[in-house]
Amino acid sequence: MKKIILTGFMGVGKSTVAKCLAFILKCEKLDLDDFIEESEKRLIADILKNDGESRFREIETENLRKVLAETNVQILALGGGTWTMERNRELIRQNECVVVWLESTFEHCWRNIVTSKYKQRPLAKNRETAEKLFTERQKVYCLADWHFVMKAELTSFAIAKQIAEEVF
Ligand code: S3P
């Protein structure tokens, strides 16, 4: 089975869909952000605030390389910016992966960003900045192999079921 890589904007629901997919396909899943925080022993928000985005992106690429080379996870939820880096897309292409873009409206993502209790997102510190980033990234997200639209009437489990049925 090829690895399933989930990409999409902050707050779209990558982690929740990854969890549902892992349940449906009975396999292991991993959040790249969790893996980074564990190996760096600090929060991504702190890396971004203290070391800056460009250092964070280096750390992100190192950890993506490690996950792809050294783990057996079948489902990987990326951070919202991971797929936007050409070098990361190249790394993913070199591995047996299917990349799925979870698409949604900015409103859906923003609602989740502002209500998220557990995750700080310094790159989406206000609506204007986040919306600009959202718009800029659409052209890169659409380079994914598959594209699923997160609709309000569909649960994360229903989307995961669609992915499991259509991608395999
Ligand atoms: C980022 C998204 C975050 C996290 C970091 C940067 C981005 O992950 O990796 O704050 O550049 O979009 P989520 O997409 O899980 O929020």
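Residues numbered from 1 in each chain as written. Predicted model: local features only at pLDDT ≥ 70, side-chain atom pairs only at ≥ 80, totals over all residues. Heavy atoms only, no water.

(A) Structural context of the pattern of salt bridges. Applying the stated rule across the entire model yields 13 salt bridges. One salt bridge in this structure joins Arg 55 and Glu 58, with 2.8 Å as the shortest N-O distance. One end of the pair, Arg 55, and the other, Glu 58, are both in helix α4 (residues 53-70), three residues apart, so they sit about a helical turn from each other. A relative accessible area of 32% places Arg 55 in the partly exposed class. Close ionic contact of Arg 57 with Glu 60 constitutes a salt bridge, the shortest N to O distance being 2.9 Å. (Salt bridge = Lys/Arg side-chain N within 4 Å of Asp/Glu carboxyl O. Helix = DSSP H or I, 4+ residues; strand = E, 2+ residues; numbered from the N terminus. Buried < 20%, exposed > 50% of the residue type's maximum accessible area, 1.4 Å probe, protein only.)

(B) Fine view of the pairing of strand β1 (residues 3-7). Most of β1 sits inside the fold, with five of its five residues counted as buried. Burial along β1 is two-sided: the face carrying Lys 3, Ile 5 and Thr 7 and the face carrying Ile 4 and Leu 6 are both buried. Sheet analysis places β1 next to strand β4 (residues 97-103), joined by five bridges and oriented parallel. Bridge pairing in β4 links Ile 4 to Val 98. In this structure, β1 lies alongside strand β3 (residues 75-77), joined through three bridges in parallel fashion. In the strand pairing of β3, Ile 4 is matched with Ile 75. (Pairing = 2+ DSSP bridges.)

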